[in-house]
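# An overview of the molecular structure
This is what each chain is made of:
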Amino acid sequence: MRFWCALLALTLAACDNAETTVTTTTPGGDGTQPPVTLCVDSGCGEKTVLLTIPDAENIFFTADNRLFVSGGTNVFEIKKEGVGYTATPIFAGTGNFGGMAQRGDVLYVNCFTDRSLYAARLTATPTLAPIHDLGIGIPNGMSAGPDGEIYIVNGPIPSNGLPDPKIVRLRFDPANPMVVTEQSDWLALPQSFPNGVARIGRTLYVTNGKPLPPTFGEVLRIEISADGSAGTPTQLASFMGLTDDLSVAGDTLLVSLYSNGVIAQVGLDGTVIAQTDPMSFEFPSQVRVGQPPLFAADEILVTEKGMVGDSLTPVGDAFSVFRRTSN
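Residues numbered from 1 in each chain as written. Predicted model: local features only at pLDDT ≥ 70, side-chain atom pairs only at ≥ 80, totals over all residues. Heavy atoms only, no water.

Our next topic: the side chain of His132. Checked against the element boundaries, His132 lands in strand β13 (residues 129-133). In this structure the side chain of His132 is engaged in a polar contact, spanning 2.6 Å, whose partner is the side chain of Gln183. When neighbours within four sequence positions are excluded, His132 is seen to be in contact with Ser116, Leu117, Leu170, Val180 and Gln183. (Helix = DSSP H or I, 4+ residues; strand = E, 2+ residues; numbered from the N terminus. Polar contact = N/O pair within 3.5 Å; in protein donor to acceptor, adjacent residues only side chain to side chain. Contact = heavy atoms within 4.5 Å.)

Shown next as structure tokens:
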């Protein structure tokens, strides 16, 4: 991920301040929420920092709308307390955690520290524990698949070895969700720096970095075939900036542009619908639409990671919300 920081000066892109809103639906635990109008533009919204999360990395809502945020020290459950929010760690130790997914009543989380898959039953007080050694350099973005499997992105750049850009697939024991029965290399992504993954139906959307201009970041579209194999990746959208993770917002995608300090909304036809001003966020790593009761369905949640490996400055390390302004 230091690759992202090194190219910062080369990748800042221009945005306009025109107010752009899109009516969409947001996923909920029991189907969909009513249509809402999203503001993904600095001309109509503004950021508020809610909590300090060291090296904030990822955001995940469970099927029953519990909220978890991963970061460089732990995974935290976010709860509302009065007019503010609290972050309760769910791992007894310390670890650098990344992507999250849910299967049944289990939350799964990638760990950068020991390159393992962790899991916790979604009880009132979940407790993370390692269940499987992934054996890959940098287990990052994660998504549950349509057939009970999990997809994990290996990338962008490991700190302890050469890049091995790919997506791996995990299958589980039907009788025990804590047992991985198979890990396979689902799709190699040579000469790339993949990062995040999101799913709609049998389609994966993967953020990817490119080593050379004119494009530094892109979103790939990859079909999951009926037999479970990977289709040929195609480029959905490209950016003059390095992408981090992404999420689904109805019939659109929300994408974090780490190097530009921007969040963007992208249509499933590849159109960049709207985006915030450059450096409106401090190196955003994930962006996701809010869900009641913790947040309104038109609020946008963002993890601001800051510079990777930076523990000295106050840059980033934040869990923030982007809300429409009243005027």
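This part is about the state of the cysteines. Applying the stated criterion across every chain yields a total of one disulfide. Disulfide pairing is shown between Cys39 and Cys44; the S-S distance is 2.0 Å. Between Cys39 and Cys44, the S-S dihedral sits near 105 degrees, and the bridge is therefore right-handed. Judged by its relative accessible area of 2%, Cys44 is buried. (Disulfide = S-S within 2.5 Å. Buried < 20%, exposed > 50% of the residue type's maximum accessible area, 1.4 Å probe, protein only.)

Attention now goes to the nonpolar core. Counting 16 residues, the largest nonpolar core has Leu38, Val40, Leu254, Ile263, Val287, Ile300 and Val302 as its most contacted members. Among the elements of the structure, β4 (36-39), β26 (284-289) and β27 (300-304) are those that each provide at least two residues to this core. Here this core takes three residues from β4, the largest share from any one element. (Core = buried A, V, L, I, M, F, W, Y, C linked by side-chain atoms within 4.5 Å.)

What follows deals with unusual backbone geometry. Peptide bonds are trans in most cases, and residues, glycine excluded, mostly fall at negative phi. Residue Pro156 is reached from Gly155 by a cis peptide bond, and omega for that bond is 15 degrees. If you trace the backbone, Pro156 turns up in the loop between β15 (150-154) and β16 (166-173). Of note, the amide linkage connecting Pro292 to Pro293 takes the cis form, showing an omega dihedral of 10 degrees. Tracing the sequence through the fold places Pro293 in the loop between β26 and β27. One non-glycine residue, Met279, adopts positive backbone phi at about 60 degrees.

By the secondary structure assignment, Val315 is in the loop between β27 and β28 (318-324). Overall, the relative accessible area of 28% leaves Val315 in the partly exposed class. C-alpha of Val315 to C-alpha of Lys305: the two residues are 10 residues apart in sequence and 8.1 Å apart in space. The contact partners of Val315, leaving out residues within four places of it in the chain, are Glu282, Phe283, Lys305 and Gly306.

Read these as geometric descriptors, not functional statements.
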